[in-house]
Protein chains: 2
Amino acid sequence: MSNSRYRDAGVNIDEQDKAISAIKKLAASTFTLNVITGLGSFGAMYQLPAGYKNPILVSSSDGVGTKLKVAFMTGIHDTVGQCLVNHCVNDILVQGARPLYFLDYIGTGKLAAGTVEAVVSGLAKGCRENGFSLIGGEMAEMPGFYAEGEYDIAGFITGIVDKSRLLTGKDIVPGDEVWGFVSSGLHTNGYSLARKIVFDEMKLTVESYVDVLGCTVGEEFLKIHRSYRPILLPVLEKNIVKGLAHITGGGFLDNIPRILPDAVSVEIQMKNVPVLPVFDFLVKGGKIETEEAYRVFNMGMGMIAIVSPKNRDAFLGAVAERPVLLGQVVPGDGTVRLL
Amino acid sequence: MSNSRYRDAGVNIDEQDKAISAIKKLAASTFTLNVITGLGSFGAMYQLPAGYKNPILVSSSDGVGTKLKVAFMTGIHDTVGQCLVNHCVNDILVQGARPLYFLDYIGTGKLAAGTVEAVVSGLAKGCRENGFSLIGGEMAEMPGFYAEGEYDIAGFITGIVDKSRLLTGKDIVPGDEVWGFVSSGLHTNGYSLARKIVFDEMKLTVESYVDVLGCTVGEEFLKIHRSYRPILLPVLEKNIVKGLAHITGGGFLDNIPRILPDAVSVEIQMKNVPVLPVFDFLVKGGKIETEEAYRVFNMGMGMIAIVSPKNRDAFLGAVAERPVLLGQVVPGDGTVRLL
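Below: a short report on this structure. (Residues numbered from 1 in each chain as written. Chains lettered and ligands numbered in written order. Predicted model: local features only at pLDDT ≥ 70, side-chain atom pairs only at ≥ 80, totals over all residues. Heavy atoms only, no water.)

**Things to note about the packing of aromatic side chains**
Right, so step 1: Across all of its chains, the model carries 24 aromatic pairs over all chains by this definition.
Right, so step 2: When the centroid spacing of 5.7 Å and the interplanar angle of 85° are considered together, the rings of tyrosine 191 of chain A and phenylalanine 221 of chain A count as edge-to-face. Remark: phenylalanine 221 of chain A occurs in helix α7 (residues 217-221) and tyrosine 191 of chain A occurs in helix α6 (residues 191-201); sequence separation between them is 30 residues.
Right, so step 3: Among the residues examined, phenylalanine 221 of chain A registers a relative accessible area of 1% and is labelled buried.
Right, so step 4: Geometrically, the ring pair formed by phenylalanine 72 of chain B and tyrosine 151 of chain B is edge-to-face, given 4.9 Å between the ring centres and 75° between the ring planes. Taken together, the residues span a long stretch of sequence, with phenylalanine 72 of chain B in helix α3 (residues 67-74) and tyrosine 151 of chain B in strand β6 (residues 151-162) at a distance of 79 residues. Considered together, phenylalanine 72 of chain B and tyrosine 151 of chain B belong to a single accessibility category, that of buried residues.
Right, so step 5: Members of the aromatic cluster, joined through ring pairs, are Phe72, Phe145, Tyr146 and Tyr151 of chain A together with Phe72, Phe145, Tyr146 and Tyr151 of chain B.
Right, so step 6: The positively charged end of lysine 69 of chain A is found above the aromatic ring belonging to phenylalanine 145 of chain B, 4.9 Å away from the centroid. (Phe/Tyr/Trp six-rings, centres within 6.5 Å; stacked < 30°, edge-to-face > 60°. Helix = DSSP H or I, 4+ residues; strand = E, 2+ residues; numbered from the N terminus. Buried < 20%, exposed > 50% of the residue type's maximum accessible area, 1.4 Å probe, protein only. Lys NZ or Arg CZ within 6 Å of the ring centre and 35° of its normal.)

Okay, here's the thing in structure tokens:
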């Protein structure tokens, strides 16, 4: 079997075989008993867990955007996978769902098995840390599509929640409190603007050490998107939050409204927001207007919880990390106001 | 709200809004009653259908490879989405699963709302034709990632099957018959080699009319990857096939073994394969060795069914299209031999 012509066309069978072998091992490290078959079968099979009265599947697909460019610039490929998994976990966590399994897509121009293995090791680590399984994926070698050494990744998560435990935000009323949990940095949003400011305008490199950050630009920009599942799990089990919003692209202004009923708004006291140094650095460096900064970046708060004042003590007693009181719910029109 | 800086960084908010609005309408056209919320919420919610005793979820992720280059060359973007959906449907159909919902990922350098709308219209059409729902997706604008006018797409499918109806191939024994269903052309595999032969070596363009194909190169190369669900649904309901293999990248040689028990092999009579003109054209034009051709291309058979001789009449009576008898199962080692 030569596959000579196929290799001529830019498709590298040996590297593919090497990558597949590494991926299989990494994926297997994430398997729970519900995984019936993993990689290799046409579709990956997962036995639905028992005990759900009216099971709702909650799914989301996502990428990590141009954070990947920082991976390319630093040659560090084993953390973006965790960012992708945690992003997806948070996106279904806010609806009360428990993650069941994950599938990935990796598109690349010329496949380098070592890079793919590093990426998948991050995906597998993210899955293990959140207690669920990487059961399948597609690795596409597409000559002429991506620049040398570059790739794109997408992730797909499936989770489950009983209909009675779905978090939708529908019971949010004026007087409810708005709490925020700290982010680890940019997470996976705003990188096109951040890279433009830092690399194009400030002429820094990933190796540049920045005093106010206490680390290099590369280290700051690769900080792993946090999973809020370990922090919020006890709260979800006790049913004491009315709504959760994952602060991704669009910041407070676009993400909090996704869970607000039409007749209420949220007021955020900007003085209460513990803005992370990286956002001060970007806002000053790029002369970004405040409102735009709050639409592009998370500014230091990656997850918002809306809680009735009567549940405040139970909420603060249950969460595994102290949140910040950012503001409150008021009569309104489903929007967010920065005060 | 200016978003001036974000736009400076190459992210185009207006085009994004236009695309999102179009996508919402297209996705809504696919919703079944099980879709609880679609695009807009953090995760997309889907109510698990009732009536499954021991439900197994079957999922797969895929892309369409460098078939996309043909979409770029022709400017026709509304069919690759159908290819992607049908590819995914076939990948879970072979395990007996019924598709429930689909999510997509579209990565692009500079977002053009019209192109994204065309791509998603193909996804939505594919979902409608297979009776399931496009419930979510991610559209990532990544300046500097993709060439002008180019993009990559990935799809994620979730299906369901009762454990007792899972198709695994485990009961395949020597003497079983191997039947093939015709493909519509390249489907979504072998495009890197096919493009190299036709565009680089034969110096044809997508507009070139080729007599033996009866159409232009562009028309041939964009033919839609078939869904075999309408053809095979009656067979699955009657439980009269032992195994199904979707012939994708790797052809007969890599895909049929995925369902074979260790102690059997499959013998394919090449004289029985109704090789489509496009494959003769590529094999001759590219001087491809036979065995390599059968590993890269589907050669005219996109779906293989393995059936006990005692079920032959029931099988032929139930399928909605006449298949071709390609060969048989023999004692062996889990491989495919071309005779």
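Picking up where we left off.
**Some details on the relation of the copies chain B and chain A**
Right, so step 1: Between chain B and chain A, the superposition needs a rotation of 180° and an axial shift of 0.0 Å, giving an RMSD of 0.0 Å. Such a turn and shift between the copies fits a two-fold axis.
Right, so step 2: When the interface residues of chain B are mapped onto chain A, 98% of them again fall at the interface, so both copies present the same face. (Least-squares fit on C-alpha atoms with pLDDT ≥ 70 in both. Contact = heavy atoms within 4.5 Å.)

**A look at the interface of chain B and chain A**
Right, so step 1: The interface is formed by 82 residues belonging to chain B together with 81 residues belonging to chain A.
Right, so step 2: Counting each side, the surface lost to burial between chain B and chain A is near 6,400 Å², with a carbon and sulfur contribution of 59%.
Right, so step 3: Counting the surface chain B buries against chain A, the share from its top three residues, Arg5, Phe42 and Phe145 of chain B, is 15%.
Right, so step 4: In this assembly, chain B and chain A are joined by 29 residue pairs in polar contact (both at pLDDT 80 or more).
Right, so step 5: Sort the elements by how many residues they give to the side of chain B that touches chain A and strand β3 (residues 55-63) of chain B lands first, with 9 residues.
Right, so step 6: Classifying every residue of the side of chain B that touches chain A by side-chain character gives 38 nonpolar, 25 polar and 19 charged.
Right, so step 7: The pairing of strand β2 (residues 44-47) of chain A with β3 of chain B spans 4 bridges and is antiparallel. Note that in β3 of chain B the partner of methionine 45 of chain A across the bridge is valine 58 of chain B. (Buried area = accessible area lost by both parts, 1.4 Å probe. Polar contact = N/O pair within 3.5 Å; in protein donor to acceptor, adjacent residues only side chain to side chain. Nonpolar A, V, L, I, M, F, W, Y, C, P; charged D, E, K, R; others polar. Pairing = 2+ DSSP bridges.)

**So, the pattern of salt bridges**
Right, so step 1: Counted according to the given criterion, the structure contains 20 salt bridges over all chains.
Right, so step 2: One salt bridge in this structure joins lysine 196 of chain B and glutamate 201 of chain B, with 3.9 Å as the shortest N-O distance. (Salt bridge = Lys/Arg side-chain N within 4 Å of Asp/Glu carboxyl O.)

**Some thoughts on the sheet that holds strand β1 (residues 35-37) of chain B**
Right, so step 1: An order of β5(A)-β4(A)-β6(A)-β3(A)-β2(B)-β1(B) is seen for the 6 strands of this open sheet, with the pairing classed as mixed. Edge positions in the sheet fall to β5 (133-141) of chain A together with β1 of chain B, since each has one partner strand and no second. In this sheet, adjacent strand axes meet at a mean angle of 20° when their direction is disregarded.
Right, so step 2: Looking at chain direction, β1 of chain B and strand β2 (residues 44-47) of chain B are connected through 2 bridges and run antiparallel. What sits directly across from valine 35 of chain B, in β2 of chain B, is tyrosine 46 of chain B.
Right, so step 3: Sheet strands in contact with helix α4 (residues 80-93) of chain A are β3 (55-63), β4 (98-108) and β6 (151-162) of chain A, and its direction is about 30° off that of β6 of chain A. (Axes fitted to C-alpha atoms, helices over the stretch in contact; angles between N-to-C directions.)

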